[in-house]
Amino acid sequence: MTERFTGTFTQQEAIPEAGIEAAIAVMRHGRLHRYNTAPDEVSETALLEQEFAEYVGSQYCLAVASGGYAMATALRALGVKAGDKVLSNAFTLAPVPGAIASLGAVPVFVGVTESLTIDLDDLEGKLGEARVLLLSHMRGHICDMDRLMAMCDAAGVKVVEDCAHTMGAAWNGVPSGRHGAIGCYSCQTYKHVNSGEGGFLVTDDPHLAAKAVMLSGSYMLFERHLAAPPKEAFDDIKYDTPNISGRMDNLRAAILRPQVADLAAQCRRWNDRYTTLEDGLRDTPGLTVIDRPAKETIVGSSIQFLLLDWAASAIRDVISRCAARGVELKWFGAPEPVAFTSRYDSWRYAPSKPMAASDRVLAGIVDMRVPLTFNIDDCALIARIIRDEVSRAHNRMSA
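Every residue gets a number counted from 1 within its own chain, in the order that chain's sequence is written. With pLDDT at 70 or above as the cut-off, local features in this predicted model cover only qualifying residues; side-chain atom pairs require 80 or more to be listed or tallied, and sums for whole chains, interfaces and linings still use all residues. Values shown for side chains rest on all heavy atoms present in the structure; no hydrogens or waters enter the calculation.

S.K.: Would you mind going over the layout of surface pockets in detail, with residue names and values included?
M.R.: A pocket here means an open set of points on a 1 Å grid, computed over the protein atoms alone, that has protein on both sides within 12 Å along at least five of seven lines. A cavity is instead a set of points where a 1.4 Å probe fits but cannot get out; residues with an atom within 4 Å of a point line either one. Grid points are joined across faces, edges and corners, and a volume is the space filled by probe spheres set on the points. In this structure, the largest pocket occupies an estimated 540 Å³ of space. Leu93, His165, Ser186, Gln188 and Lys191 are the residues nearest the centre of the largest pocket, which is lined by 32 residues in total. Of all the elements in the fold, those that place two or more residues in the lining of the largest pocket are α3 (67-77), α4 (95-101) and β8 (182-186). Lys, Arg, Asp and Glu make up the charged group, whereas Ala, Val, Leu, Ile, Met, Phe, Trp, Tyr, Cys and Pro make up the nonpolar group; the residues left over, Gly among them, are polar. In terms of residue class, the lining of the largest pocket is made up of 15 nonpolar, 12 polar and 5 charged. Numbering of helices and strands runs from the N terminus; a helix is a DSSP stretch of H or I covering at least four residues, while a strand is a stretch of E covering at least two.

Below, the structure is given as structure tokens:
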């Protein structure tokens, strides 16, 4: 009998009871705006920023409306202006080049390797074209950050890390987001903590932190933050930095605080599921598993594999057959964007030139979410279905 998966790939776990109770308390008192506090009250948002800063080991943290807003704010804080070039990954999601384009700046795309990380050799050849790199740790894959930072430091290129898929992950023991000048994170529903939308920006630089706080719309209430620089850091910028409002509110912060507190345990649960899937897919004919370096501490909230050099029709057939058996796969090789699976040549607001080696990799990337509503048996079943359909397709091609 043919096996079939009956779960859903978009159902997240419920918000923890502690978060629900805290959110209800905020709704009962009505002070949702982060700066609307009672005498001697510290806002939920300020407490969340302090707790997330402690979690990643940063001096400063700002909670904002989205991960995309965090990236655009980071670029503004670094002085990126209209017409400037900003280096970034060819393999990423639309909010990354979107953050660059929102400033009127121009993305310079850097290639992707078969490890699904930024091509450091290609980056090395392009470092002279820009003074900022917006580095996407796309789908949770972290490149050799020691080499990348050495290259960028030597070239005077500032690094902003997009950690939308790597909250809780690390390279060589250093948390993702803590290598570059600024780290940016997402709290959107499909990320590692869930407030529907939301984001964080972290840094150890008091000038950058102060700029970000002012940009987020603090008015002159920056002293109500717990994870912001002292008021002296604002003296030279508070009248010259535009207010581009993008604050997080206390309701979302209340939902997030218990999730941040439990993040390490949640990451372990994701990795148990990821390992089950990875083990089940290994040695499948025609399928390439993405091996992860020993220095990388992952959070397996999604999994990718490669069908390298397969005909587009064969990949579509695998995706269709898996879908018929309840397994939802996404493909980055489609000529038109589908949901989030756009690619660098999809974004017509961002000029690009073909990159043959990267195009080959992108054409073979298959992606799958791994929600925590799946159990280990679910993951084993899903791996068997994918293995079965890929093997069938591979056998047909080989016949």
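S.K.: Can you explain the pattern of salt bridges? Please cite residues and give values.
M.R.: Where side chains of opposite charge bring their charged atoms close, a pairing between them can arise. Any Lys or Arg side-chain nitrogen found within 4 Å of a carboxyl oxygen on Asp or Glu counts as a salt bridge. Tallied over the entire structure, the rule returns 27 salt bridges. For Lys295, the salt bridge is made with Asp146, and the minimal N-O distance between the two is 3.8 Å. One end of the pair, Lys295, is in the loop between β10 (288-289) and β11 (296-297); the other, Asp146, is in helix α6 (residues 145-155), with 149 residues separating them in the sequence. Here Lys295 falls in the partly exposed class, since its relative accessible area comes to 43%. The network of salt bridges with common partners includes Arg325, Asp388, Glu389 and Arg392. Burial classification: accessible surface area is computed with a 1.4 Å probe over protein chains only, and a residue below 20% of its type maximum counts as buried, one above 50% as exposed, and the rest as partly exposed.

S.K.: Go over the packing of helix α2 (residues 44-56) against helix α8 (residues 250-261), please, and point to the residues and values.
M.R.: To get an axis, fit a line to the C-alpha atoms, keeping to the stretch in contact for a helix; angles then go from 0 to 180 degrees between the N-to-C directions. With their axes 8 Å apart at the nearest point, α2 and α8 run at an angle of 30 degrees to one another. Considering their axes alone, α2 and α8 lie roughly parallel with respect to each other. Here α2 runs over α8; the crossing is left-handed. Touching Glu44, Thr45, Leu47, Leu48, Glu51, Phe52 and Tyr55 of α2 are Asn250, Ala253, Ala254, Leu256, Arg257 and Val260, all from α8. Roughly parallel means an angle under 35 degrees; roughly antiparallel, over 145; roughly perpendicular, 65 to 115; everything else is oblique. In a left-handed crossing the near helix is turned counterclockwise from the far helix by less than a right angle, and in a right-handed crossing that turn is clockwise. Residues are treated as being in contact if the distance between any of their heavy atoms lies within 4.5 Å.

S.K.: Residue-level account of the sheet that holds strand β2 (residues 85-89), with values.
M.R.: Strand order in this open sheet of 7 strands is β1-β9-β8-β5-β4-β2-β3, and the pairing throughout is mixed. Two strands close off the open sheet at either side, each with one partner strand: β1 (60-64) and β3 (106-110). Neighbour-to-neighbour, the strand axes of this sheet turn through a mean angle of 20 degrees, independent of strand direction. Pairing between strands is defined by DSSP: at least two bridges between them are needed. In this sheet, strand β9 (residues 199-203) lies alongside β1 in antiparallel orientation, the contact comprising 5 bridges. Across the sheet, Tyr60 pairs through a bridge with Thr203, a residue of β9.

S.K.: Kindly report on unusual backbone geometry, identifying the contributing residues and their values.
M.R.: With a phi close to 65 degrees, Asp283 is a non-glycine residue in the positive phi region. As for its position among the elements, Asp283 is in the loop between α9 (263-281) and β10. Accessibility expressed as a relative area gives 71% for Asp283, which makes it exposed. Despite not being glycine, Ala339 shows a phi value in the positive range, around 55 degrees. Tracing the backbone shows Ala339 in the loop between β13 (330-331) and α11 (356-362).

S.K.: Residue-level account of the state of the cysteines, with values.
M.R.: Two cysteine sulfurs form a disulfide in these notes if their separation is within 2.5 Å. Following the criterion strictly, the structure yields 0 disulfides and no others. Cysteine Cys61 remains unbridged, with the sulfur of Cys187 as its closest cysteine sulfur at 9.0 Å. In this structure Cys61 comes out as buried when scored by relative accessible area, which is 3%. Of all cysteine sulfurs in the structure, the one in Cys184 sits closest to Cys163, which takes part in no disulfide; the separation is 7.3 Å.

S.K.: Which residues make up the packing of α9 against helix α12 (residues 376-398), and what are the values?
M.R.: Relative orientation and spacing of two packed helices are given, respectively, by the angle between their axes and the distance between those axes. Relative to each other, α9 and α12 sit at 25 degrees, their axes nearing to 8 Å. In terms of their interaxial angle, α9 and α12 are classed as roughly parallel. You can see that α9 and α12 cross each other, and the crossing is right-handed. Along its contact with α9, which presents Asp272, Arg273, Thr276, Leu277, Gly280 and Leu281, the element α12 presents Ile376, Cys379, Ala380, Ile382, Ala383, Ile386 and Arg387. Of the residues contributing to the contact of α9 with α12, the split by class is 8 nonpolar, 2 polar and 3 charged.

S.K.: Pulling in residues and values, what's your account of the nonpolar core?
M.R.: Among the nonpolar cores identified, the biggest contains 44 residues, and Phe52, Leu123, Leu133, Leu148 and Phe200 are the most heavily contacted of them. When residues in this core are grouped by element, the largest group, 5 residues, is from α6. In this structure Leu133 touches Leu87, Ser88, Ile118, Leu123, Leu148, Cys152, Val157, Lys158, Val159 and Val160, once residues within four positions along its chain are discounted. The set of buried Ala, Val, Leu, Ile, Met, Phe, Trp, Tyr and Cys residues whose side-chain atoms join them within 4.5 Å is what this entry labels a nonpolar core.

S.K.: Which residues make up the packing of aromatic side chains, and what values do they have?
M.R.: Any two rings among Phe, Tyr and Trp, with Trp reduced to its six-membered ring, count as a pair given centres within 6.5 Å; such a pair is stacked if its planes are under 30 degrees apart, edge-to-face if over 60, and tilted if neither. Evaluated as defined, the whole model comprises 11 aromatic pairs. A ring pair is formed by Phe5 and Phe9, whose centres lie 5.7 Å apart and whose planes are at 75 degrees; its orientation type is edge-to-face. A relative accessible area of 4% places Phe5 in the buried class. On the basis of an interplanar angle of 90 degrees and a centroid distance of 5.1 Å, the ring pair of Phe91 and Phe332 is categorised as edge-to-face. You can see Phe91 sitting in the loop between β2 and α4 and its partner Phe332 sitting in the loop between β13 and α11, a full 241 residues away along the chain. An identical accessibility class is assigned to Phe91 and Phe332; each is buried. Cluster of aromatic residues (ring-pair linked, three or more members): Phe52, Tyr55, Tyr185 and Phe200. Cation placement over rings: the criterion is NZ of Lys or CZ of Arg within 6 Å of the ring centroid and within 35° of the ring normal. Over the ring of Tyr190 we find Arg369, and its NZ or CZ is 3.8 Å from the ring centre.

S.K.: Can you tell me about the sheet that holds strand β14 (residues 365-369), naming the residues and giving the values?
M.R.: The 4 strands are arranged β10-β12-β14-β13 in an open sheet whose pairing can be described as antiparallel. Taken across any chain shown, the strands that pair with only one partner, and hence form the sheet edges, are β10 and β13. Alignment of strand β12 (residues 302-306) against β14, held across 5 bridges, turns out to be antiparallel. Across the sheet, residue Gln304 finds its bridge partner in β14, namely Asp367.

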